[in-house]
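What follows is each chain in one-letter form.
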Amino acid sequence: PELTDEQRQLMEEMRALQQELQQIQAKLSRLEQQAYENNPELGEKRDELQDKIAEKMSGDGYDAKEEFEEMKATMAEYQSGDKEPSKAEVQAFREKQREFQQRQQKAFEDEEVQSMAQELRADVKAEMEESNPEADKLFSKMEKKAREMKELRQKAMQMQSQGG
């Protein structure tokens, strides 16, 4: 189906907005890196959180850290191109990945993990804002752009449902 001018314009707006969001996120990630460099305590908190997640994922003979290292090694092996995985190997790897993700998701639902993650996010954000006056503006700009994007997506959905 041909796009109407209105739809084309909407697509353009969404593309432009997506790019803006990516640029803001890139800047924020650089500031976040900086925050971790400025404040070693944040790194320790991040490690504690990762350990806690791994701990919550593990159990019943499952070791999350070990599984993760194994999956990383397998990926590296296949990416180097030295070895072509068989269908069975690919399936086994996907199975491992699926279990890992399910356990990870469950760990993220844990209250202790959630509060540690929230605290870390707040501390990192505070450190970013303290060490860089631009951070605050970037955060609010990102929220604003994310809201705009949501509105555009809703508008696009409405257009689709009206004229099909």
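Bear in mind that the values here come from a model prediction, so they are computed numbers and not experimental data.

## Observations concerning the packing of helix α2 (residues 40-57) against helix α4 (residues 87-108)
To describe two helices that pack against each other, one gives the angle between their axes and the distance between the axes. For the pair α2 and α4, the least separation of the axes is 8 Å and the interaxial angle reads 115°. Seen along the crossing, α2 lies across α4 with a hand that is right-handed. Taking contact as the criterion, the partners of Ile 53, Lys 56 and Met 57 in α2 are, on α4, Phe 100, Arg 103, Gln 104, Ala 107 and Phe 108. Of the residues belonging to the contact of α2 with α4, the class tally is five nonpolar, one polar and two charged.

## A closer look at the packing of aromatic side chains
Following the criterion strictly, the structure yields one aromatic pair and no others. Aromatic pair Phe 68 and Phe 100: ring centres 5.7 Å apart, planes at 25°, arrangement stacked. Residue Phe 68 is located in helix α3 (residues 64-79), and its partner Phe 100 is located in helix α4; the two are separated by 32 residues in the primary sequence. Accessibility expressed as a relative area gives 10% for Phe 100, which makes it buried. Residue placement shows Arg 103 over the ring face of Tyr 62; its charged tip is 3.9 Å from the ring centre. Lying across the ring of Phe 139, Lys 125 places its NZ or CZ 4.7 Å from the centre.

Cut-off values and rules
Numbering of residues starts from 1 in every chain and runs along the sequence as written. Side-chain atom pairs in this predicted model are given and counted only at pLDDT of 80 or more, local residue features only at pLDDT of at least 70, and totals for whole chains, interfaces and linings cover all residues. Hydrogen atoms and water are omitted, and side-chain values are computed over all heavy atoms in the structure. Angles here are taken between N-to-C directions and fall from 0 to 180 degrees, while the axes themselves are lines fitted to C-alpha atoms, restricted in helices to the stretch in contact. Put simply, DSSP H or I for four residues or longer makes a helix, DSSP E for two residues or longer makes a strand, and each gets a number counted from the N terminus. Handedness of each helix crossing follows the sense of rotation of the near helix against the far helix: counterclockwise by less than a right angle gives left-handed, clockwise gives right-handed. Every residue pair with non-hydrogen atoms within 4.5 Å of one another is taken to be in contact. Amino acids outside the nonpolar list (Ala, Val, Leu, Ile, Met, Phe, Trp, Tyr, Cys, Pro) and the charged list (Asp, Glu, Lys, Arg) are all regarded as polar, and Gly is one of them. Any Phe, Tyr or Trp ring, taking Trp's six-membered ring, that has another such ring centre within 6.5 Å forms a pair; planes under 30 degrees apart are called stacked, those over 60 apart edge-to-face, and the others tilted. Only protein chains enter the accessibility calculation, which uses a 1.4 Å probe. A residue is then buried if its area is under 20% of the maximum for its type, exposed if over 50%, and partly exposed in between. Definition used: whenever NZ (Lys) or CZ (Arg) falls within 6 Å of the ring centre and also within 35 degrees of the ring normal, the charge is taken to sit over that ring.

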